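Spelled out from the first residue to the last, the chains are:
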Amino acid sequence: MKYLFGFLMLTHALLHFLGFIKAFQLAEISQLSQSISKPLGILWGSTALLFIVTFMFFIQNHNWWIVLAILAVFISQILIIIYWKDTKFGPIANGIILITAIIYLAICRFENHYKDDVLTEIKAAPLTEDLIIQKDMDSLPPVIQKYLYYVGVIGKPRKNE
């Protein structure tokens, strides 16, 4: 699924390059019937590059892809509105990219809150031994205890910060 989404982003980027090519008359693009000025052609090309960078960040699991995707979709949608006659199917790709970015943003925020809560609870737990023992985790919520058992922290040395 990840690669299908990446393919969608790359395809969308390449379609944006058509606007750049048309504006600078690098090739005949009969699919775009409206003329494109050079400044807007640069915007078409910049949007294509932005989608490509977004794709690279996405494939590398770098969370900045979310911000870049939202920005790229915003600019893309403006261009689509201006050239609606030729680009009326563009909002479908933009919608898929935007919805996916929002879902990933929610997931990242949830994970970050979870990690912060775990660290807060671990720091609040009374620690007296050099090794982590069952007694150290008794004051933690059951969910965190289960997670700590799962990752195998019992019997591991403490990291004093």
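These numbers were taken from a predicted model, which means no experiment stands behind them. (Residues numbered from 1 in each chain as written. Predicted model: local features only at pLDDT ≥ 70, side-chain atom pairs only at ≥ 80, totals over all residues. Heavy atoms only, no water.)

Section: helix 3 (residues 64-82)
No. 1: Look at helix 3: 28 Å from first C-alpha to last across 19 residues, which is about the 27 Å you get at 1.5 Å a residue.
No. 2: Looking only at helix 3, the buried set comprises W65, I66, L68, A69, A72, V73, I75, S76, L79 and I80. (Helix = DSSP H or I, 4+ residues; strand = E, 2+ residues; numbered from the N terminus. Expected span 1.5 Å × (residues − 1). Buried < 20%, exposed > 50% of the residue type's maximum accessible area, 1.4 Å probe, protein only.)

Let's talk about the nonpolar core
No. 1: Counting 24 residues, the largest nonpolar core has F5, M9, I36, F51, W65 and I97 as its most contacted members.
No. 2: At the level of elements, helix 1 (2-23), helix 2 (38-59), helix 3 and helix 5 (90-124) are the ones that each hand at least two residues to this core.
No. 3: For this core, the element with the highest residue contribution is helix 3, accounting for eight residues.
No. 4: The contacts of F51, once residues within four sequence positions are left out, are M9, H12, A13, H16, A72, V73, S76, N94 and I97.
No. 5: Judged by nonpolar contacts, the second largest core, of seven residues, contains V118, I144, L148 and V153. (Core = buried A, V, L, I, M, F, W, Y, C linked by side-chain atoms within 4.5 Å. Contact = heavy atoms within 4.5 Å.)

Describing the layout of surface pockets
No. 1: Quantified by volume, the second largest pocket comes out at close to 310 Å³.
No. 2: What lines the second largest pocket is a set of 16 residues, and nearest its centre among them are H12, L15, D86, T87 and G90.
No. 3: Counting only elements with at least two residues in the lining of the second largest pocket, the list comes to helix 1, helix 4 (84-87) and helix 5.
No. 4: With six residues, the single largest contributor to the lining of the second largest pocket is helix 1.
No. 5: The residue makeup of the lining of the second largest pocket, split by class, is eight nonpolar, six polar and two charged. (1 Å grid on protein atoms, 1.4 Å probe; cavity = no way out; pocket = protein on both sides within 12 Å on 5 of 7 lines; lining within 4 Å. Points joined across faces, edges and corners; volume = space filled by probe spheres on them. Nonpolar A, V, L, I, M, F, W, Y, C, P; charged D, E, K, R; others polar.)

Everything listed is a geometric property; what it means functionally is a separate question.
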